[in-house]
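Below, each chain spelled out in residue letters.
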Amino acid sequence: MARERLLDYGGLDNEAKAGLARHFEVYEWPGEEGKEAFLAKIGPSISGAAAGGDVGLPNAVIDRLPGLRIIASLGVGYDRIDTSHAISRGIMVTHTPDVLNDDVANLAIAHMLAATRRVVRFDRFVREGRWAGGEYRPLTHGIAGKTVGMVGLGRIGREIVRKLAVFGCDIVYHTRNPRQDVALRHYPDLVVMAGDCDILFVALPGGEATTGLVDRHVIEALGPEGTLISIGRGSAVNEPELVKALADGRLGAAGLDVFSNEPNVPPELFSMDNVVLTPHLGSATVETRKAMAGLAVDNLVSFLEHGKAITPVPECRHLQA
Ligand code: NAP
Ligand code: 8YV
């Protein structure tokens, strides 16, 4: 039987590419130059597409693939895909929730420890010979007994909380809807919560509802002794306000894995000793990327063969057989 034809639109690790190639006839997106020839010759026979969550699939491409039935996004966040548009064309969109919680939460905790204990700053200090040179090593603050606020308490937020149990912090959270399954204090007002916190984790999805949610008021409420950890989407934090607050000492420290305009990072942050930066690496381990690739392949195979996706995005559940 002829294998289904699949578009690899980009952002996939080798593991994911190999997994797809085992099941599908895979075509890599040729880029702007080769796109017209590709869309004319191969486009009509493409039934599935896969892409990294940071890449997505533009509507302009979706509209040129008349036989497209499913888009498998490798990532839990799918803000790069216009799901309303896909749905209007009857196209299923799937993502990869849960399999990445552990490693994303680990990186968030690593940022918390690195930012509060100034690990990167002191790494430089040693490399630059300043320890050997007898320079003073300023003290940092511990975290036991401190109040940690979770902005977003979904799959990843709850995993961070589970791991935080060993650190002896008080944990509170802000979401739109209080959760019935946790005993933590819920704050309906994020500014009020930030004012009570020493450390704030932002584990929010992207999109309109969260854009700029962590604004100047939240940052100022967290204050000069406060630490902000951003692990969800960069768009949820007002980045210019964050940079200004760090520069002026109105915010104590930050650990940032995600940014507003990736891969561009505000250069002002590069020289700040109180900031830890990673290039969107939350899920970037061999183990987790393998699990994400496996789930994406399973979604494609199951949907194209049986009309049933395994992890459709919530908006697309009604497109199941
Ligand atoms: P999730 O289970 O859907 O949780 C999202 C949480 O955010 C929920 O608690 C939700 O609660 C809250 N929320 C959503 N909109 C809100 C708003 N406007 N105001 C306040 N709270 C809001 O998602 P997840 O699986 O934990 O993933 C979260 C995000 O992390 C993903 O969407 C992705 O963007 C990001 N991510 C980043 C990396 C990385 O490499 N850094 C890796 C994986 C995921 P309510 O609905 O009650 O408000
Ligand atoms: C990925 C992510 O790095 O799952 C997400 O939402 O942000 C990360 O796991 C990203 O989707 C690239 O594939």
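Please read all numbers here as calculations on a predicted model, not as lab measurements.

Draft legend 1. Inspection of the site of ligand 2 at higher detail. Close contacts around ligand 2 come from 13 residues, with Val76, Gly77, Arg233, His280 and Ser283 the closest. The separation between an oxygen atom of ligand 2 and a polar side-chain atom of His280 is 2.7 Å. With respect to ligand 2, the side chain of Ser283 contributes an N or O atom lying 2.7 Å from an oxygen atom. Burial of ligand 2 by the surrounding chains reaches 91%, relative to a free accessible area of 330 Å². Considered class by class, the residues forming the shell around ligand 2 number four nonpolar, six polar and three charged.

Draft legend 2. Structural detail: the site of ligand 1. Around ligand 1, the surrounding shell holds 26 residues, and the nearest of these are Leu153, Arg155, Ile156, Arg176 and Ile231. In this structure, Asn177 approaches ligand 1 through a side-chain N or O atom, which is 2.9 Å from an oxygen atom. Asp257 has a polar side-chain atom sitting 2.9 Å from a nitrogen atom of ligand 1. Coverage of ligand 1 by the protein chains reaches 88% of its 930 Å² of free accessible surface. Broken down by class, the residue content of the shell around ligand 1 amounts to eleven nonpolar, eleven polar and four charged.

Draft legend 3. Layout of the packing of aromatic side chains. Throughout the structure, instances matching the rule amount to four aromatic pairs. Judged by centre distance (5.8 Å) and plane angle (80°), the ring pair of Trp29 and Phe38 falls under edge-to-face. Given the relative accessible area of 16%, Trp29 is considered buried. Between Phe122 and Phe125, the ring centres sit 5.8 Å apart and the planes meet at 75°, which makes this aromatic pair edge-to-face. With Phe122 and Phe125 both in helix H6 (residues 119-127) and three residues apart, the pair spans about one turn of that helix. Classification of Phe122 as buried rests on a relative accessible area of 19%. Through pairs of rings, three or more aromatic residues link up here, namely Tyr9, Tyr27, Trp29 and Phe38. Across from the ring centre of Phe122, 5.5 Å away, lies the NZ or CZ of Arg121, which sits over that ring.

Draft legend 4. Local environment of the nonpolar core. In terms of nonpolar packing, the biggest core is built from 41 residues, with Leu7, Leu57, Leu68 and Ile71 touching the most fellow members. Listing elements by their share of this core, those giving two or more residues are strand S1 (5-10), helix H1 (14-23), helix H2 (31-41), strand S3 (46-52), helix H3 (59-62), strand S4 (70-74), strand S5 (92-94) and helix H11 (286-306). Residue contributions to this core peak at seven residues, all from H11. Residues within four places of Ile71 in sequence aside, it is in contact with Ala49, Leu57, Ile62, Ile81, Ala86, Ile91, Met92, Val93 and Thr94. Formed by 29 residues, the second largest nonpolar core is a distinct cluster that contains Leu153, Val161, Phe201 and Val276.

Draft legend 5. Structural view of the pairing of S4. Of all five residues making up S4, five are buried, and the element is well covered by its neighbours. Going residue by residue along S4, you find Ile70, Ala72 and Leu74 tucked away on one face and Ile71 and Ser73 tucked away on the opposite face as well. Pairing of S3 with S4 involves five bridges; the strand directions are parallel. Paired with Ala49 across the bridge in S4 is Ile71. Here S4 runs beside S5; their pairing, made up of three bridges, is parallel. Paired with Ile71 across the two strands is Val93, which belongs to S5. Since S4 and S5 lie parallel, the crossover through helix H4 (residues 83-88) that links them has a hand, and here it is right-handed.

Draft legend 6. The arrangement of H1 in detail. The complete set of buried residues in H1 reads Ala16, Gly19 and Leu20. Buried residues along H1 cover an arc of 95° about the axis, so they all sit on one side. The exposed residues of H1 that point more than 90 degrees off its buried face are Asn14 and Arg22. Next to the buried residues of H1 lie S1, strand S2 (25-28), S3, S4 and H11.

Draft legend 7. Highlighting the domain arrangement of the protein chain. Taken domain by domain, the protein chain consists of domain 1 (5-99 + 286-319) and domain 2 (101-277). Summarising the inter-unit geometry, the C-alpha centres of domain 1 and domain 2 are found 32 Å apart. Across the contact, eight residues belong to domain 1 and seven residues belong to domain 2. Buried surface at the junction of domain 1 and domain 2, summed over both partners, amounts to about 640 Å²; 38% is from carbon and sulfur atoms. Ranking the residues of domain 1 by area buried against domain 2 places Asp79, Asp98 and Thr288 at the top, with a combined share of 58%. For the pair domain 1 and domain 2, the interface holds one salt bridge. Asp79 is the salt-bridge partner of Arg233, the closest N and O atoms lying 3.0 Å from each other. Across the domain 1-domain 2 interface, the total number found is three residue pairs in polar contact (both at pLDDT 80 or more).

The rules behind the values
- Residues numbered from 1 in each chain as written.
- Chains lettered and ligands numbered in written order.
- Predicted model: local features only at pLDDT ≥ 70, side-chain atom pairs only at ≥ 80, totals over all residues.
- Heavy atoms only, no water.
- Near = heavy atom within 4 Å.
- Polar contact = N/O pair within 3.5 Å; in protein donor to acceptor, adjacent residues only side chain to side chain.
- Areas by Shrake-Rupley, 256 points an atom, 1.4 Å probe, with all protein chains shown as cover.
- Nonpolar A, V, L, I, M, F, W, Y, C, P; charged D, E, K, R; others polar.
- Phe/Tyr/Trp six-rings, centres within 6.5 Å; stacked < 30°, edge-to-face > 60°.
- Buried < 20%, exposed > 50% of the residue type's maximum accessible area, 1.4 Å probe, protein only.
- Helix = DSSP H or I, 4+ residues; strand = E, 2+ residues; numbered from the N terminus.
- Lys NZ or Arg CZ within 6 Å of the ring centre and 35° of its normal.
- Core = buried A, V, L, I, M, F, W, Y, C linked by side-chain atoms within 4.5 Å.
- Contact = heavy atoms within 4.5 Å.
- Pairing = 2+ DSSP bridges.
- Right-handed = clockwise from strand over helix to strand, strands pointing away.
- Arc of directions from axis to C-beta.
- Domains from an automatic or database assignment.
- Buried area = accessible area lost by both parts, 1.4 Å probe.
- Salt bridge = Lys/Arg side-chain N within 4 Å of Asp/Glu carboxyl O.

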